[in-house]
Amino acid sequence: MKCIFCDIINRDLPAEVLYEDEQVISFLDIRPMNYGHALIVPKMHVENFLSLPEDQMGRVFIIAQKIACALRDALGFDGFNITINNGKAAGQTVFHLPIHIIPRYSHDTFQYKIDFKKYRNNELEEIGNSIRKCI
Ligand code: AMP
Ligand code: ZN
């Protein structure tokens, strides 16, 4: 199975690598939403957030925080977004989990177009109940 991120991990494809250890690699996104947009990727091929084993979860997020600190110090951003796209419907394009860290500036051009919903009657409680049953 062809996987761009496995190729980067195996050095079969070039990337601007920021950090790596035994479990995690971080490199710059080739199509940044803002300069310095970084990806944190577990070296194990896992498709998305749900398939990341629990014992890898901590390490991946510790490195995400380390990279976010480095981006702050290097770029002096005003804020940042941490994003994980899970599934095509959510915009996932590479099916080897990346965590995105996207530097943000007070007047940047990045925008979410959000159509906020409103809970009616007892929908809030019903939806809460159906989710709680699955935890
Ligand atoms: P996602 O869409 O959440 O699956 O994230 C995949 C990200 O990988 C996208 O933002 C792409 O721009 C980025 N990407 C794709 N190919 C490469 C590559 N060869 N090197 C670095 N980033 C890449
Ligand atoms: Zn992979």
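Here the structure is shown first, and the text comes after it.
The following refers to the structure shown.

1. Topic: the coordination of the zinc ion (ligand 2)
Protein coordination at the zinc ion (ligand 2) comes from Cys3 (SG), Cys6 (SG), His45 (ND1) and His96 (ND1), with a distance range of 2.0 to 2.3 Å. Coordination geometry of the zinc ion (ligand 2): the four donor atoms subtend angles of 104 to 116° at the metal centre, consistent with an arrangement described as tetrahedral. Mapped onto the sequence, the donors of the zinc ion (ligand 2) take the spacing C-x2-C-x38-H-x50-H. Of the two residues, Cys6 sits in helix 1 (residues 4–9) while His96 sits in the loop between strand 4 (79–83) and strand 5 (99–104), which places them 90 residues apart along the sequence. For His96, a relative accessible area of 0% translates into the label buried.

2. Re the pattern of salt bridges
One pass over the structure, following the stated rule, counts seven salt bridges. For Glu20, the salt bridge identified is with Lys43, shortest N-O distance 2.7 Å. Of this pair, Glu20 sits in strand 1 (residues 17–20) while Lys43 sits in the loop between strand 3 (38–42) and helix 2 (54–75), and the two are 23 residues apart along the sequence. The class for Glu20 is partly exposed, based on a relative accessible area of 34%. Exposure remark for Lys43: the relative accessible area of 23% places this residue in the partly exposed category. Connected through salt bridges with shared partners, the residues Arg11, Glu20 and Lys43 form a single ionic network.

Calculation criteria
- Residue positions are given per chain, counting from 1 as you read along its sequence in written order.
- Labels follow written order: the first chain is A, the first ligand is 1, and so on.
- Reporting in this predicted model follows two pLDDT cut-offs: at least 70 for local features of residues, and 80 or more for side-chain atom pairs to be given and counted; totals over whole chains, interfaces and linings ignore these cut-offs and use all residues.
- Side-chain figures throughout are based on the complete set of non-hydrogen atoms in the structure, without hydrogens or water.
- Only N, O and S atoms count as donors, using a 2.8 Å limit from the metal and a wider 3.2 Å limit for Na, K and Ca, and since water is excluded some coordination spheres may look unfilled.
- Every geometry call rests on angle ranges, with four donors termed tetrahedral when all angles are between 85 and 135 degrees, four termed square planar and six termed octahedral when opposite donors are over 155 degrees apart and all others are between 65 and 115, and everything else termed irregular.
- Only DSSP runs of H or I with at least four residues qualify as helices, and only runs of E with at least two residues qualify as strands; both kinds are numbered from the N terminus onward.
- Exposure classes here rest on a 1.4 Å probe applied to the protein chains alone. A residue is buried below 20% of its type maximum, exposed above 50%, and partly exposed in between.
- A pair is scored as a salt bridge if a Lys or Arg side-chain nitrogen falls within 4 Å of a carboxyl oxygen belonging to Asp or Glu.

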